[in-house]
Amino acid sequence: MKNTLADLNNYLFEALERLNDDSLTAEQLETEIKRAKTVTDVGGKIIETGTLMFNVKKHMDEYGQSDNMAAIPVLGIGGGK
């Protein structure tokens with residue numbers, strides 16, 4: 001699966017690198033700021049969802065119910081399907 005939390009981390013660092021590009025014009029910088037804000041907002045929601053899914057998985061493991069739970073691909077958890 002593509003689009004894991006590791007991929008999100010890469011996207012966030014790429015946005016940071018673009019923001020630090022001194023060759024950008026004011027207009028280009030404004031565009032990158034808007035893009036970075038969007039990526040950050042969406043990334044935050046992905047992280048919130050991942051945290052919830054991780055907590056569910058942890059809870060299921062604690063009560064011996066892991067076998068009854070589907071894999072969590074975004075976290076890289078579960079059957080390599």
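Coordinates for the structure precede this section.
The numbering scheme is per chain: residues are counted from 1 as the chain's sequence reads. With the structure being a predicted model, the display of local features is reserved for residues of pLDDT at least 70 and the display and counting of side-chain atom pairs for 80 or more, all residues being used for whole-chain, interface and lining totals. Heavy atoms from the whole structure form the basis of all side-chain values; hydrogens and water molecules are not counted.

Asker: Whenever I open this one, the packing of helix α1 (residues 5–19) against helix α2 (residues 26–62) confuses me. Can you help?
Answerer: For any two helices packed against each other, the geometry is given by the interaxial angle and the distance between the axes. Interhelical geometry of α1 versus α2 gives an angle of 160° and a closest axis separation of 10 Å. Overall, the two elements α1 and α2 adopt an arrangement that is roughly antiparallel. As α1 runs across α2, the sense of the crossing is left-handed. Contact residues: α1 offers Leu-5, Leu-8, Leu-12, Ala-15, Arg-18 and Leu-19, while α2 offers Leu-29, Glu-32, Ile-33, Arg-35, Ala-36, Val-39, Thr-40, Gly-43, Ile-46 and Ile-47. By the convention adopted, Pro, Cys, Tyr, Trp, Phe, Met, Ile, Leu, Val and Ala count as nonpolar, Lys, Arg, Asp and Glu as charged, and the other residues, Gly among them, as polar. The residue makeup of the contact of α1 with α2, split by class, is 11 nonpolar, two polar and three charged. Here an angle of 0 to 180 degrees is reported between the N-to-C directions of two axes, which are lines fitted to C-alpha atoms, with helices fitted over the stretch in contact. Only DSSP runs of H or I with at least four residues qualify as helices, and only runs of E with at least two residues qualify as strands; both kinds are numbered from the N terminus onward. Note on terminology: angles under 35 degrees are roughly parallel, angles over 145 are roughly antiparallel, angles of 65 to 115 are roughly perpendicular, and the others are oblique. Handedness of a crossing is defined here by the sense of rotation of the near helix relative to the far one, left-handed for an anticlockwise turn of less than a right angle and right-handed for a clockwise turn. Residues count as neighbours in contact if any of their non-hydrogen atoms are within 4.5 Å of one another.

Asker: Sorry if this is basic, but what is going on with a nonpolar patch on the surface here?
Answerer: In this scheme, patches are assembled from residues that exceed 30% relative accessible area and form no salt bridge. Like charges are connected within 9 Å, while nonpolar side chains (Val, Leu, Ile, Met, Phe, Trp, Tyr) are connected within 5 Å. Each accessible area is a Shrake-Rupley estimate made with a 1.4 Å probe; only the visible protein chains count as cover when residues are assessed. We count a salt bridge whenever a side-chain nitrogen from Lys or Arg sits within 4 Å of a carboxyl oxygen from Asp or Glu. A surface patch of nonpolar side chains, amounting to about 300 Å² of accessible area, comprises Leu-5, Val-42, Ile-46 and Ile-47. By the secondary structure assignment, Ile-46 is in helix α2. Only protein chains enter the accessibility calculation, which uses a 1.4 Å probe; a residue whose area is less than 20% of its type maximum is buried, one above 50% is exposed, and one in between is partly exposed. The class for Ile-46 is partly exposed, based on a relative accessible area of 35%.

Asker: Looking at this structure, how should I read the pattern of salt bridges?
Answerer: A side chain of one charge can pair with a side chain of the opposite charge when the charged atoms of the two come close. Tallied over the entire structure, the rule returns five salt bridges. Between Arg-18 and Glu-32 there is a salt bridge, with its nearest N and O atoms 2.7 Å apart. Here the residue Arg-18 occupies a position in helix α1, and Glu-32 occupies one in helix α2, the gap between them amounting to 14 residues. Of the residues examined, Arg-18 reaches a relative accessible area of 25% and is grouped as partly exposed. Since its relative accessible area comes to 12%, Glu-32 is described here as buried. Residues Arg-35 and Glu-32 are paired through a salt bridge, measuring 3.9 Å at the closest nitrogen-oxygen approach. Here Glu-32 and Arg-35 lie together in helix α2, a separation of three residues that amounts to about one turn. Judged by relative accessible area, Arg-35 falls into the partly exposed class, the value being 40%.

Asker: Would you take a moment to explain the environment of Glu-14 for this structure?
Answerer: Mapped onto the elements, Glu-14 comes out in helix α1. When its relative accessible area of 38% is taken as the criterion, Glu-14 is described as partly exposed.

Asker: It is not clear to me how the environment of Asn-20 should be interpreted in this structure. Could you clarify?
Answerer: For Asn-20, the position within the fold is in the loop between α1 and α2. Taking relative accessible area as the criterion, Asn-20 reaches 54% and is therefore assigned exposed. Sequence separation between Asn-20 and Glu-32 is 12 residues; the distance between their C-alpha atoms is 9.9 Å.

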